[in-house]
Amino acid sequence: MANIKQREGSKAVSETLIEEGDEAANFEIDNSTAEVVVPPDSGWAWVVMIASFLCCTVVDGIVFCSGLIQDYILKDFDVSKGYVAFVSSLLSGCYLMAGPFVSALANRFGFRPVTIAGSLFAAFCFGLSYYATSVEYLFLTYGVLGGIGFCMVYIPSVVIIGFYFEKWRALATGVALCGSGVGTFIFAPLTNSLLENYGWKNTLAIQGCIIVSCAIFGIAFRPIQPIRLAVTDSSIENVEKKNNGHGNTVAPRSPFHANAFSKPLPEGRFAYSMPNSAHNTYMGNSPKHHYPTAAEVFRGTNLERRLSSNSTKGTELKTLRKSQPTTPNGEQQFNFNLNKELSTVGENEEETENENLLVTETKPTIVQARRHTVSGRRPNEINRKNVSGSHDTVHNTSRPMYRDDIFFTGSLTRIPQYQSQTSLAYHMSVTRLPTKQDMLEERQKGCHLCPEAVRRTLSTMLDTSLLKSPSFMLLSFSGFLTMMGFFVPFTFLVRRAKDANMDEEAALRVVSGIGLINTIARIICGTLSSFPSVKPLWLNNVAITAGGLATMLSGIVINSATQWTFAVFFGICIACFSALRSLIAVEMIGLEKLTNAFGFLMLFQGVAATIGSPIAGALYDNTGSYDVSFYFAGGLILLSAFLCYPLTYVSKWEKARNEKKLSQTVPTA
């Protein structure tokens, strides 16, 4: 009886949607097929890693050494140190603040076009800076526009690593981000030499030419063709134990992490559609976690796994690369089953809520042209027909920002649901499906002012509901304070050393040394964070505390020994801060909220980077001493570490509070 009422209710809702117009139907999830990207982890992936490393080398090298140009600009335009500091701080600030918007563009147009366009745009802005007639002119061309261009290069360069790597993600990300330290090591002496020999205007023009090289590197960011999944009517086989695709055998009832799925599966296999308008944000779309994952939609069904018609070799995991028979239309194809196994342990509420999604890969067989169990179409027709009903060749819709783990830079072994299931099942569980409207916009020619792929990404990354989380706000405010002091040493270290009669060349080597230590520390930090026993939060807290103290004490005695000691501690500090942020965020708020967290973290840190160096410069203008500026920066970094010390306890209190609220709102049977 309950099922009959539910079907009647669903029918009434469907009739209402039809009355409102056909437009609403375009926003439904296409639950007959899904496309899932499985990282290759080899082959071209290593080329992508090298290209990402080179992009980070150029972009971060110029950003971290941009403070060296300020003295030359100050002489030409006769402004205060605090005011001229906005030239480089706007570059670093906009470089971060544009992150959510660049992520949305990359989601719609892909990594390669955004990277190439960003590098050419940044190079053009640096060329325009050659004709600067005022500091305000540089604020716009060099700072704001140049920072946006740099962000268009940096975001795809970092995010694409997670798209190409699974098993080696931590290593590949660490190597790619080492470009930041290598860039500082190279560009500190290079920028100083260019300034002394050619002046600041010609230096910007030469740097613009160097930035163009990122367009060449970006050509390597070719898209990965996804695996297409379709429902079949073959039988389901149960197994005692299953291999998880990573060389480990797991029991069928190994539970998921609490955040493995965003919400319970509704009654009916394919009950998902566009989320209710009540969930829509100011962007007109619901956040990503309101959309179903491929695992949620296809759970409990038999699926047909087939490569896209234009798929290239090397997009499969080594464990899945076996002898593949072809279908009658000549495409490689697998049969596999997707089973759901529930933990049923009596009245234990906690265990009954956990679910385990496992993929059983059976022996490959030739798939005949059976009729589709949901749509009534044959499997061959799925690849030929698009959502608009035409018979054009399908254009694969792989949206990187629809993955829950796209911003996760650590080892996937730290994610419980990765260890508890097969590789393909994991990728299905973190891949949110696009709507029919999204896929239609992908296939239609012409320019959409703000397509759904952009709006949905922005609504996810800027979902303000996360600001209600005390643990996230504590983490974000800590990052804000850290970033306020982050660029001060890069901007003022050489000038302070010169005022203390230290050799300028020796001071420049210290700046390069920070980059070298940063490079080494990133590798060590990434290795340590791969061990489950190592707590990323505590490693972060110790490193930032040491970096803050070193910054405050670095001016007591200024010579080569003390400055190199400072470089060691500060290099370790910034390496841990950058490498561990995503791991800490996942521990605090869960994997499905990671994209949302990174959206606000980039905004907060961008604002902090914009105002940090100018405040330090203003302190020098008022006191005549750089020591006050370093006390200011070190104090902020130290305070940010202290804010993170109680973060674990705040997170536990918040989770307990949320569980209590949930238990009060859920009616008892």
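So, how was this worked out
Residues numbered from 1 in each chain as written. Predicted model: local features only at pLDDT ≥ 70, side-chain atom pairs only at ≥ 80, totals over all residues. Heavy atoms only, no water. Helix = DSSP H or I, 4+ residues; strand = E, 2+ residues; numbered from the N terminus. Contact = heavy atoms within 4.5 Å. Areas by Shrake-Rupley, 256 points an atom, 1.4 Å probe, with all protein chains shown as cover. Buried < 20%, exposed > 50% of the residue type's maximum accessible area, 1.4 Å probe, protein only. Phe/Tyr/Trp six-rings, centres within 6.5 Å; stacked < 30°, edge-to-face > 60°. Patch = residues over 30% accessible without salt bridge, like charges linked within 9 Å, V, L, I, M, F, W, Y side chains within 5 Å. Salt bridge = Lys/Arg side-chain N within 4 Å of Asp/Glu carboxyl O. Axes fitted to C-alpha atoms, helices over the stretch in contact; angles between N-to-C directions. Parallel < 35°, antiparallel > 145°, perpendicular 65-115°, else oblique. Nonpolar A, V, L, I, M, F, W, Y, C, P; charged D, E, K, R; others polar. Arc of directions from axis to C-beta. pLDDT = per-residue confidence, 0-100. Disulfide = S-S within 2.5 Å.

Engineer: Quick question: what am I supposed to make of the overall build of the protein here?
Structural biologist: Along its length, the protein carries 24 helices and seven strands. Restricting the contact set of the protein to residue pairs at least 6 apart, pairs at least 24 apart contribute 83%. Per element, the accessible surface of the protein, about 27300 Å² overall, is 60% carbon and sulfur.

Engineer: Got a minute to help me understand the side chain of Thr409 in this structure?
Structural biologist: In this structure, Thr409 sits in the loop between α12 (379-384) and α13 (416-419). Residue classification places Thr409 among the buried residues on the basis of a relative accessible area of 18%. Other than its neighbours up to four places away in sequence, Thr409 contacts Arg169, Ala170, Thr173, Ala579, Ser582 and Leu583.

Engineer: Would you take a moment to explain the packing of aromatic side chains for this structure?
Structural biologist: For any pair of aromatic rings, geometry is given as the distance between the ring centres together with the angle between the planes. Throughout the structure, instances matching the rule amount to 25 aromatic pairs. Taking 6.0 Å as the distance between ring centres and 65 degrees as the angle between the ring planes, the aromatic pair formed by Phe77 and Trp200 counts as edge-to-face. With Phe77 in helix α3 (residues 70-77) and Trp200 in helix α8 (residues 169-211), this pair connects stretches of sequence that are 123 residues apart. The partly exposed category is assigned to Phe77, whose relative accessible area is 22%. Classification of Trp200 by relative accessible area gives buried; the value is 5%. Ring centres of Tyr95 and Tyr154 lie 5.2 Å apart, and the angle between their planes is 65 degrees; this geometry places the pair in the edge-to-face category. With a gap of 59 residues between them, Tyr95 in helix α4 (residues 81-97) and Tyr154 in helix α7 (residues 135-164) connect regions that are remote in the sequence. For Tyr95, a relative accessible area of 6% translates into the label buried.

Engineer: For this particular structure, what's the right way to read a nonpolar patch on the surface?
Structural biologist: Taken together, the side chains of Phe185, Ile186, Leu190, Leu516, Ile520, Ile524, Leu528 and Phe531 define a hydrophobic patch exposed on the protein surface, amounting to about 680 Å² of accessible area. The biggest single contributor to the nonpolar patch is helix α19 (residues 504-529), with four residues. Note that Leu190 resides in helix α8. Taking relative accessible area as the criterion, Leu190 reaches 33% and is therefore assigned partly exposed.

Engineer: Which parts of the structure should I look at to understand the packing of helix α17 (residues 470-486) against helix α18 (residues 488-499)?
Structural biologist: Axes are the key here: two packed helices are described by the angle between their axes and the distance separating the axes. Their axes nearest at 6 Å, the elements α17 and α18 cross at an angle of 25 degrees. Between α17 and α18, the interaxial angle falls into the category roughly parallel. Along the contact surface, α17 presents Met484, Gly485 and Phe486, while α18 presents Val488, Pro489 and Phe490. Across the contact of α17 with α18, the residue classes tally to five nonpolar, one polar and no charged.

Engineer: What exactly am I supposed to notice about the environment of Ser465 here?
Structural biologist: Among the structural elements, Ser465 can be located in the loop between α16 (452-461) and α17. Measuring from C-alpha to C-alpha, the distance between Ser465 and Asn596 comes to 9.5 Å, with 131 residues separating the pair along the chain.

Engineer: Is there a simple way to explain the side chain of Ser512 in this structure?
Structural biologist: Examined against the element boundaries, Ser512 turns out to sit in helix α19. In contact with Ser512, not counting residues within four places along its chain, are Thr184, Phe185, Ala188 and Pro189.

Engineer: Quick question: what am I supposed to make of the packing of helix α2 (residues 44-64) against α4 here?
Structural biologist: Between α2 and α4, whose axes approach to 9 Å, the crossing angle comes to 140 degrees. Accordingly, the angle class assigned to the pair α2 and α4 is oblique. For the pair formed by α2 and α4, the contact residues are Val59, Asp60 and Val63 on the first element and Leu91, Ser92 and Tyr95 on the second. Of the residues that constitute the contact of α2 with α4, the class distribution is four nonpolar, one polar and one charged.

Engineer: Would you explain the environment of Met473 in this entry?
Structural biologist: Relative to the assigned elements, Met473 resides in helix α17. We classify Met473 as partly exposed; its relative accessible area is 31%. A sequence separation of 128 residues divides Met473 from Leu601, and the C-alpha atoms of the two residues are 9.6 Å apart.

Engineer: Mind showing me how you'd approach the pattern of salt bridges here?
Structural biologist: Pairing between side chains becomes possible if they bear opposite charge and their charged atoms approach one another. Counted by the stated rule, this structure contains nine salt bridges. Its salt-bridge partner being Asp405, residue Arg403 comes within 3.1 Å of it at the nearest N-O pair. For the pair Arg403 and Asp405, a shared accessibility class is recorded, and that class is buried. A salt bridge links Glu592 to Arg432; the nearest nitrogen and oxygen atoms lie 3.4 Å apart. In this pair, Glu592 sits in the loop between α21 (560-589) and α22 (594-623) while Arg432 sits in the loop between α14 (423-429) and α15 (436-443), placing the two residues 160 residues apart along the sequence.

Engineer: Looking at this model, I keep getting lost on the environment of Gln563. Mind explaining?
Structural biologist: Turning to its location among the elements, Gln563 is positioned in helix α21. Look at Gln563 and you get buried, because its relative accessible area is 1%. When near neighbours in sequence (up to four residues on either side) are disregarded, Gln563 contacts Leu493, Arg496, Met502, Val510, Ser554, Val557 and Ile558.

Engineer: Sorry if this is basic, but what is going on with α3 here?
Structural biologist: Three or four residues apart is the spacing at which side chains of an α-helix point the same way, because the helix has 3.6 residues per turn. Those residues of α3 that fall on the buried side of the exposure criterion are Gln70, Ile73 and Leu74. Along α3, the residues classed as buried sweep out an arc of 105 degrees about the axis, all on the same side. Those residues of α3 that are buried lie in contact with α4, α7, α8 and α18. After α3 finishes, the residue Asp78 shows a positive phi value of roughly 50 degrees.

Engineer: Before we go on, may I ask you to explain the confidence of the model for the protein in this structure?
Structural biologist: As a note on interpretation, predicted positions should not be read in detail where pLDDT is low. Looking at the protein as a whole, the pLDDT averages 75, with 70% of positions reaching at least 70. Note on residues 1-27: pLDDT under 50 across the span, and eleven contacts to partners over four residues away in sequence or across chains. Segment residues 234-279 is flagged for pLDDT under 50; beyond a separation of four residues in sequence, or across chains, it makes 132 contacts in the model.

Engineer: Is there a simple way to explain the state of the cysteines in this structure?
Structural biologist: Note: disulfide means a covalent bond formed between the sulfur atoms of two cysteine side chains. Applying the stated rule across the entire model yields zero disulfides. With no disulfide of its own, Cys56 has Cys55 as its nearest cysteine by sulfur position, at a separation of 7.0 Å. Sulfur of Cys576: no disulfide; nearest cysteine sulfur belongs to Cys525 and is 3.8 Å away.

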